[in-house]
Amino acid sequence: MRPLTEREIRAAFVNCTKGEAKRLSVPRDLVERPWDDLDFLGWRDPQAPDRAYLAIELDGRPTAIALRCPGAGSWQTRRSMCSMCVTTHTGGVSLMTAAKAGRAGQQGNSVGAYICSDLACSLYVRGKKDAGIGARLPESLTLEEKIQRTVTSITAFIAKVASR
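What counts and what doesn't
Residues numbered from 1 in each chain as written. Predicted model: local features only at pLDDT ≥ 70, side-chain atom pairs only at ≥ 80, totals over all residues. Heavy atoms only, no water. Phe/Tyr/Trp six-rings, centres within 6.5 Å; stacked < 30°, edge-to-face > 60°. Helix = DSSP H or I, 4+ residues; strand = E, 2+ residues; numbered from the N terminus. Buried < 20%, exposed > 50% of the residue type's maximum accessible area, 1.4 Å probe, protein only. Pairing = 2+ DSSP bridges. Contact = heavy atoms within 4.5 Å. Core = buried A, V, L, I, M, F, W, Y, C linked by side-chain atoms within 4.5 Å. 1 Å grid on protein atoms, 1.4 Å probe; cavity = no way out; pocket = protein on both sides within 12 Å on 5 of 7 lines; lining within 4 Å. Points joined across faces, edges and corners; volume = space filled by probe spheres on them. Salt bridge = Lys/Arg side-chain N within 4 Å of Asp/Glu carboxyl O.

S.K.: Lay out the packing of aromatic side chains in plain terms, naming residues and giving numbers.
M.R.: For the structure shown, the criterion picks out 2 aromatic pairs. Relative to Tyr-53, the ring of Phe-13 lies with its centre 5.8 Å away and its plane at 90°, an arrangement referred to as edge-to-face. Here Phe-13 is found in the loop between helix H1 (6-11) and helix H2 (18-23), whereas its partner Tyr-53 is found in strand S2 (residues 48-58), with 40 residues between them in sequence. A relative accessible area of 2% means that Tyr-53 is categorised as buried.

Laid out in structure tokens, this is it:
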């Protein structure tokens, strides 16, 4: 993924108002992010633990979505699988929901997916971050095929949110 600037990220949101995009927390460490190893930029809001954000390039331009996610709770101790990168975690996968863009979102329609709670799917797929024993099931896919599966999954999710 090519590095994104704070300005590009704020302008890319499709499911929140310009005012909301202006007020949300963008990571301060954008320059230090491992952009070459990222298929999308994902982060949790440090001021609002129930909020997270995703940004990706679609059709050559940045697209971003705001997500709602549950805070950490004791009920999250069972093993779950991320629907984006197929990594399993004990307590490390959350159901994240995003209001749909436009009128559908204003009417309360949303889309949800089970995603790694720390939004580090790209790093788990590449083996740059470890989710523990048994987190990556044996597969016959190549690394490139696993990366493509993750990109396809996240792109499809964002497309569902952005569709009006």
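Past the structure itself, the notes keep going.
S.K.: Tell me what's going on with the pairing of strand S1 (residues 41-45), and back it up with residues and numbers.
M.R.: Where burial is concerned, most of S1 is hidden: 4 out of the 5 residues are buried. Examined bridge by bridge, S1 and S2 share 5 bridges and lie antiparallel to one another. For Trp-43, the partnering residue across the bridge sits in S2 and is Tyr-53. In this structure, the hairpin formed by S1 and S2 is closed by a connection of 2 residues.

S.K.: Residues and numbers for the environment of Arg-51, please.
M.R.: By secondary structure assignment, the location of Arg-51 is in strand S2. By relative accessible area, Arg-51 is classed as partly exposed at 31%. C-alpha of Arg-51 to C-alpha of Thr-17: the two residues are 34 residues apart in sequence and 15 Å apart in space. In contact with Arg-51, not counting residues within four places along its chain, are Arg-44, Asp-45, Leu-67, Arg-68 and Cys-69.

S.K.: Let's hear about the nonpolar core: which residues, and what values?
M.R.: Judged by nonpolar contacts, the single largest core of 46 residues is most densely connected at Phe-13, Trp-43, Leu-54, Ile-115 and Phe-157. Put simply, the parts of the chain that give this core at least two residues each are S1, S2, strand S3 (61-68), strand S6 (93-99), strand S7 (110-116), helix H4 (121-125) and helix H5 (143-162). Here this core takes 6 residues from S2, the largest share from any one element. Beyond its immediate stretch of four places on either side in the chain, Phe-157 contacts Leu-54, Ile-65, Leu-67, Met-84, Met-96, Ala-98, Val-111, Gly-112, Ala-113 and Ile-115.

S.K.: Would you mind going over the layout of surface pockets in detail, with residue names and values included?
M.R.: If you add up the space inside the largest pocket, you get close to 600 Å³. Taken together, 26 residues form the lining of the largest pocket, with Asn-15, Cys-16, Thr-17, Glu-20 and Ala-66 sitting closest to its centre. Among the secondary structure elements, those contributing two or more residues to the lining of the largest pocket are H1, H2, S2, S3, S6 and helix H3 (102-106). Among the elements that make up the lining of the largest pocket, the one with the highest residue count is H2 (5 residues).

S.K.: Please provide a residue-by-residue account of the pattern of salt bridges, values included.
M.R.: Summed over all chains, the structure comprises 9 salt bridges. Salt-bridge contacts for Glu-8 lead to Arg-2; the nearest nitrogen and oxygen are separated by 2.8 Å. In this structure, Lys-128 and Asp-37 form a salt bridge, with 3.6 Å as the shortest nitrogen-oxygen distance. A residue pair is termed long-range when its members are at least 10 positions apart, and Lys-128 in the loop between H4 and H5 and Asp-37 in the loop between H2 and S1 qualify at 91 residues.

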